[in-house]
Amino acid sequence: MKKVSMAFLVVVAVLFAHGAARASEAEALHFFNSGNTLFNDGRYDKAIVDYSKAIALYADFTDAYYNRGLSYYKSGDYDRAIEDFNKVLSAAPRDAEIYHYRGLSHFKKGRFDKTIEDETRVIELNPKFPEAYHNRGIAYSRLERYDEAIEDFNKAIGLRPEYSEAIFSRGFAYTMKAAADFKRVCDRGNQVACENYRQLTK
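Bear in mind the structure is a predicted one, so any value in this text is a computation, not a measurement. (Residues numbered from 1 in each chain as written. Predicted model: local features only at pLDDT ≥ 70, side-chain atom pairs only at ≥ 80, totals over all residues. Heavy atoms only, no water.)

Undergrad: So what exactly am I meant to see when it comes to the pattern of salt bridges here?
TA: Side-chain pairing between opposite charges can occur once the charged atoms of the two side chains come close. Here the structure, examined in full by the defined rule, presents 13 salt bridges. Across the pair Asp79 and Arg111 runs a salt bridge, and its minimum N-O distance is 3.2 Å. In this pair, Asp79 is assigned in helix 5 (residues 78–91) and Arg111 in the loop between helix 6 (96–108) and helix 7 (112–125), connecting sequence segments 32 residues apart. For Glu124, the salt bridge is made with Arg121, and the minimal N-O distance between the two is 3.3 Å. Taken together, the residues Glu124 and Arg121, both in helix 7 and three residues apart, mark about one turn of the helix. A relative accessible area of 26% means that Arg121 is categorised as partly exposed. Each of Asp79, Lys109 and Arg111 takes part in one network of salt bridges that share partners. (Salt bridge = Lys/Arg side-chain N within 4 Å of Asp/Glu carboxyl O. Helix = DSSP H or I, 4+ residues; strand = E, 2+ residues; numbered from the N terminus. Buried < 20%, exposed > 50% of the residue type's maximum accessible area, 1.4 Å probe, protein only.)

Okay, here's the thing in structure tokens:
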């Protein structure tokens, strides 16, 4: 979650300095801060309401779009989350965190190729982002691209050696890769391979 950006505060300060501040800017900031409080309390539906009010009052309030997108994501409304993340990326195209959460949203919708695209962009912007490697690896696993998945899990673990989720995911990918090999041999009539395949996939 983002707090109010310095850019927005500067805009408000300049308006006040020139005696031109509209109530809408201050009110937008009020709803944004209220939304943050609700978000931190896990009341995402109510946070969405307040972020929407902030956006209605200040259409270029990118931090409000981002936090509303996170709220939609936490609420399971992934398509609306993606819409808000798209809006933010149009203004901040080099923000790795936003690509990461858009990638997560695509993953939740089963769009694994899109997840790979977004997490690849995250890695280009920030090569030391272990979650990006992990999430891209999971997307590769879902597409049965296990070698690429394992490579990503290794990178995630290299950046964070005690990354339990990545260690587990790597083990799962190795298991599924082995299962695929046993299945190939099982299809040729090898009963030992068939039994191993059944054990791995039951």
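Having seen it, we continue.
Undergrad: Mind showing me how you'd approach the environment of Ile55 here?
TA: If you trace the backbone, Ile55 turns up in helix 3 (residues 44–57). In sequence terms Ile55 and Phe32 are 23 residues apart; their C-alpha atoms lie 8.6 Å from each other. Excluding residues that lie within four positions of it along the chain, Ile55 makes contacts with Phe61, Ala64, Tyr65 and Arg68. (Contact = heavy atoms within 4.5 Å.)

Undergrad: How should the nonpolar core be read in this particular structure?
TA: Among soluble globular proteins, nonpolar side chains are generally buried collectively. Counting residues in hydrophobic clusters, the biggest one holds 37 residues, and the most contacted among them are Ala54 and Phe61. When residues of this core are traced back to their parent elements, those giving at least two are helix 2 (23–40), helix 3, helix 4 (62–75), helix 5, helix 6, helix 7, helix 8 (130–142) and helix 9 (146–159). Among the elements that line this core, the one with the most residues is helix 4, at six residues. Judged by nonpolar contacts, the second largest core, of ten residues, contains Ile116, Tyr140, Ala149 and Ile150. (Core = buried A, V, L, I, M, F, W, Y, C linked by side-chain atoms within 4.5 Å.)

Undergrad: Mind showing me how you'd approach the packing of helix 10 (residues 164–186) against helix 11 (residues 191–201) here?
TA: Axis angle and axis distance: for two packed helices, these are the angle between their axes and the distance between the axes, and together they describe the pair. Between helix 10 and helix 11, the shortest axis-to-axis distance is 8 Å and the interhelical angle comes to 145 degrees. Considering only the axes of helix 10 and helix 11, their crossing is left-handed. In this structure, helix 10 uses Thr175, Ala178, Ala179, Phe182, Lys183, Val185 and Cys186 to contact helix 11, whose residues at the interface are Ala193, Cys194, Asn196, Tyr197, Leu200 and Thr201. Class assignment of the residues belonging to the contact of helix 10 with helix 11 gives a composition of nine nonpolar, three polar and one charged. (Axes fitted to C-alpha atoms, helices over the stretch in contact; angles between N-to-C directions. Left-handed = near helix turned anticlockwise from the far one by under 90°. Nonpolar A, V, L, I, M, F, W, Y, C, P; charged D, E, K, R; others polar.)

Undergrad: It is not clear to me how unusual backbone geometry should be interpreted in this structure. Could you clarify?
TA: The bulk of non-glycine residues show a negative phi, and the bulk of peptide bonds are trans. Although it is not a glycine, Glu144 sits at a positive phi angle of roughly 60 degrees. Tracing the backbone shows Glu144 in the loop between helix 8 and helix 9. Its relative accessible area of 60% is what places Glu144 among the exposed residues.

Undergrad: Hey, could you run me through the layout of surface pockets in this one?
TA: Sizing a probe to match a water molecule and rolling it over the atoms shows the empty space that remains. Roughly 190 Å³ of volume is contained in the largest pocket. Lining the largest pocket we find 14 residues, and of these Leu104, Glu131, His134, Asn135 and Ile138 sit closest to its centre. Taken together, the elements giving at least two residues each to the lining of the largest pocket come down to helix 6, helix 7 and helix 8. It is helix 6 that provides the largest number of residues to the lining of the largest pocket, a total of five residues. Looking at the lining of the largest pocket residue by residue, the class counts come to five nonpolar, five polar and four charged. (1 Å grid on protein atoms, 1.4 Å probe; cavity = no way out; pocket = protein on both sides within 12 Å on 5 of 7 lines; lining within 4 Å. Points joined across faces, edges and corners; volume = space filled by probe spheres on them.)

Fair warning: the whole summary comes from geometry, so function is off the table for now.
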